[in-house]
Amino acid sequence: MPRNAPVTAGVPHTVLSTETVRPADRMRAWKQALSKAYVELDLGVREDPGSWQGFLRADRLGSLQVTTEQSDPVKVVRTPQGAAADGRAYIFARIQLEGSALLSQDGRSARLTPGVLAFYDASRPFTLVLPEPHRARVLMVPRPMLRLGEPEVRRLTARAIGETTDGPPALILPLLTGLAREIGTASPLVRERLARTLADLLSTLAEDLLDTDPRAVSASGPDAFLDRIKASIETRIGEPELSPRMIAEEHHISLRYLHKLFHSQGTTVIGWVRQRRLEGCSTELARPGAAHLTISSVAARWGFTSPSHFNRAFRKAYGMSPTQWRTSADRRRRQAAARAETDADQLYRPARPRPSGDVGHGPHDSPSSQAAADQGAAAAAPRAGLAVPGANEVRPRVNPFRTSPPLVRVPAEPADGTGRKHR
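As the structure is a computational prediction, the values presented were derived from the model and not from experiment.

S.K.: Describe the sheet that holds strand S5 (residues 74-78), with residues and values.
M.R.: Taken in spatial order, the five strands make up an open sheet running S2-S5-S10-S7-S8, and their pairing is antiparallel. One side of each edge strand has no neighbouring strand; the edge strands of this open sheet are strand S2 (42-44) and strand S8 (108-112). Neighbouring strand axes in the sheet, compared pairwise and without regard to direction, differ in orientation by 15 degrees on average. One ladder, built from three bridges, connects S2 with S5; its direction is antiparallel.

S.K.: Could you give an account of the packing of helix H7 (residues 222-234) against helix H9 (residues 255-263), with specific residues and numbers?
M.R.: Interaxial distance between H7 and H9 falls to 10 Å at its minimum, and their mutual angle equals 105 degrees. When the axes of H7 and H9 are compared, the pair comes out roughly perpendicular. Mapping the contact onto sequence places Pro222, Phe225, Leu226, Ile229, Lys230 and Ile233 in H7 and Tyr257, Leu258, Leu261 and Phe262 in H9. Within the contact of H7 with H9, the residues separate by chemical class into nine nonpolar, no polar and one charged.

S.K.: So what's going on with the nonpolar core? Which residues, and what values?
M.R.: Ranked by internal contacts, the top residues of the largest apolar core, which has 32 residues, are Tyr38, Phe92 and Leu103. Looking at which element gives the most residues to this core, the answer is helix H1 (residues 26-37), with six residues. Formed by 29 residues, the second largest nonpolar core is a distinct cluster that contains Val66, Ala93, Val141 and Leu176.

S.K.: Tell me about the confidence of the model for the protein, residues and numbers included.
M.R.: Confidence in the prediction for the protein averages 78 pLDDT; 75% of positions are at 70 or higher. Segment residues 380-391 is flagged for pLDDT under 50; beyond a separation of four residues in sequence, or across chains, it makes six contacts in the model.

S.K.: Break down the pairing of strand S6 (residues 90-98) for me, citing the residues and quoting the values.
M.R.: Within S6, seven of the nine residues are buried, leaving the element largely enclosed by the surrounding structure. Here S6 runs beside strand S11 (residues 134-142); their pairing, made up of eight bridges, is antiparallel. Paired with Tyr90 across the two strands is Pro142, which belongs to S11. Where S6 meets strand S9 (residues 117-121), five bridges bridge the pair, whose relative direction is antiparallel. Considered in S9, the bridge of Ala93 is made with Phe119.

Reading the values: rules and limits
Residues numbered from 1 in each chain as written. Predicted model: local features only at pLDDT ≥ 70, side-chain atom pairs only at ≥ 80, totals over all residues. Heavy atoms only, no water. Pairing = 2+ DSSP bridges. Helix = DSSP H or I, 4+ residues; strand = E, 2+ residues; numbered from the N terminus. Axes fitted to C-alpha atoms, helices over the stretch in contact; angles between N-to-C directions. Parallel < 35°, antiparallel > 145°, perpendicular 65-115°, else oblique. Contact = heavy atoms within 4.5 Å. Nonpolar A, V, L, I, M, F, W, Y, C, P; charged D, E, K, R; others polar. Core = buried A, V, L, I, M, F, W, Y, C linked by side-chain atoms within 4.5 Å. Buried < 20%, exposed > 50% of the residue type's maximum accessible area, 1.4 Å probe, protein only. pLDDT = per-residue confidence, 0-100.

Given below as structure tokens:
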């Protein structure tokens, strides 16, 4: 029954073929083999167990295990009791080679056909229904090797990868399948390296699947999504333990996609958080109401736990130490207050009025100087036998603050002794 099983000389492995087991013991032997190779599992078979057949070979390659299995129809169940009993934290990546399979976990179901891969988590219940004779290759890796948090793993399971012929899966799946098939034939040193490569490829597939999760990015696009992430970071900017992984898990995206979003705007997650913290510190240090706060307390309020690290980062960003920044801000504040006071004095100081003269006076003649000149002319005119127009007229007083010229009374012409007016 076994076909294309890898030859793995010198590799620790588990092998079972039901052809060597009595028909009455086949299901029990198969259950024991699966539980030894994977985790504690239960089985269900509809047909006659005596005619049922299966083959399994599990090759241990360091922390990675590659298993080739093929069998007649069977139902494999990871129960809550089984998950709680052994507590083994492994991630399975099942590549269907022949036949089909229906995988269910975390409220989702994925149908696997030849060439399609799906992840499932051994730490929680799952169900694998194999309705027809099948063959598959199963990669089992410790959860830490995928570098995924719990929320990410829960979004990863029971989702078919490789149903389309484009994107990263189209490139990675054939390579992954070939490596898994041939890894056992390599030398021990090469096997260790290939095992790490397999784990990296699985991690890349997982992150790509999480990146394309339609629930992670809304229809408004990645820019709007990044704005929401930044707004969320602002509410936690003072938490020293805030990390990119925490941010990614909070927004249900992979760590790689989070870095990709920030990189699209020419920055990094850590760099942007540090910049916002420094901006907050610089604003608070320059605020008059914070003069009683020590520099280290201001830094701590914005998430800096090391005063020396804060001083170095601040000097690099602003070209001076936090103390110099605070002193400079105080000096600028005093200078601005002095300028404002000077401007207010100039704005509200009353201007000296410019007096207006009578009609016919020159622009530089003041009312007092012109009146004196008129009086002198009136006194000298009789002595010279001259008639001075307006000499006997009482002139109106001129208001120096008046904006329009005063009205001037035009005197009548004087008469001679005959009673006739001069012409």
